[in-house]
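# Topology and contacts: notes
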Amino acid sequence: MELHVLTAADKGLLADHFRARAKMFTNWPAPNYLGGMEADIFDAPIFDPVWFSAVHEGQTLAVGRLIPADGPFTMVEQAWPEGIQTPLPGKSQSVELHRIGAIPGLDKTLMSLAVGRIKHGIAEYTLNMGRTHMFFLTPQRVAETTLSNLDRHGSPIEVDGAPFFIVSGELDRDANNLLGDQLDELELALAGEPRKAAS
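Everything in this summary refers to the structure shown in the same document. This one's a predicted model, so the numbers in the text were calculated from it and none came from an experiment.

## Points about the side chain of T126
Counting through the fold element by element, T126 comes out in helix α3 (residues 108–128). We classify T126 as buried; its relative accessible area is 1%. A polar atom in the side chain of T126 sits 2.8 Å from the backbone oxygen of I122.

## Digging into the side chain of S94
Tracing the backbone shows S94 in strand β6 (residues 94–102). By relative accessible area, S94 is classed as buried at 0%. At a separation of 2.8 Å, a polar atom in the side chain of S94 contacts the main-chain carbonyl oxygen of G90.

## Regarding a nonpolar patch on the surface
A cluster of nonpolar side chains, namely L3, V5, Y125 and M129, defines an oily patch on the protein surface of about 290 Å² accessible area. Tracing the backbone shows V5 in strand β1 (residues 2–6). In this structure V5 comes out as partly exposed when scored by relative accessible area, which is 37%.

Definitions and limits used
By convention here, each chain's residues receive numbers from 1 onward along its written sequence. With the structure being a predicted model, the display of local features is reserved for residues of pLDDT at least 70 and the display and counting of side-chain atom pairs for 80 or more, all residues being used for whole-chain, interface and lining totals. To get the side-chain values, take all heavy atoms of the structure and skip hydrogens and water. Every helix listed is a DSSP run of H or I at least four residues long, and every strand listed is a run of E at least two residues long, numbered separately from the N terminus. When accessible area is computed with a 1.4 Å probe and restricted to protein chains, residues below 20% of their type maximum are described as buried, those above 50% as exposed, and intermediate ones as partly exposed. Any N or O atom pair separated by 3.5 Å or less is treated as a polar contact, with the protein-specific requirement of one donor-capable and one acceptor-capable atom, and with residues adjacent in sequence counted only for side-chain atom pairs. Every patch collects residues that have over 30% relative accessible area and no salt bridge, joining them within 9 Å if they carry like charges and within 5 Å if they are nonpolar side chains (Val, Leu, Ile, Met, Phe, Trp, Tyr). Under the convention used here, a 1.4 Å probe and the Shrake-Rupley method define accessible areas, while residue burial counts only the protein chains that appear. What makes a salt bridge here is a side-chain nitrogen of Lys or Arg within 4 Å of a carboxyl oxygen of Asp or Glu, nothing more.

In structure tokens, the structure reads:
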């Protein structure tokens, strides 16, 4: 599986990225959908977005996007200010994450690998930017289970009839390297190849 870090110059892969998003995120306001693609204001160049695509056998399976938090404004501050009751991490040290997900219908293991590659790639890219924190909006059920180690910045807010939290966390390079190794093992297992020997 290939992870692609995309800029506005990557028109072909970026079109595939936006087409995949239209399959994943189907209930946003109607103007977000044009020509079989999904996009929003944070895809505009003024926010310096960076897009991530996990591609397997020529198909985009999972995506994500980050913006530097010290741009014109962030999504959570503009759309859900009531969900921020404690300060977010310092903006010059943070990125905001959006649109992380996988296309519907994937095998559970393949989905875990694809989304894991996105998360690993985003964290590595952010750390290489010299930034150490991320924040984003996430469903309450996720905030209370797989992301229970992250900081919540207020009470749950309602988005499309469901409860969500704004959360943040500090990135750790060693933990991200371990995630990368685990994803490599998972990919070998999916390909039916023997596990790598421990070093």
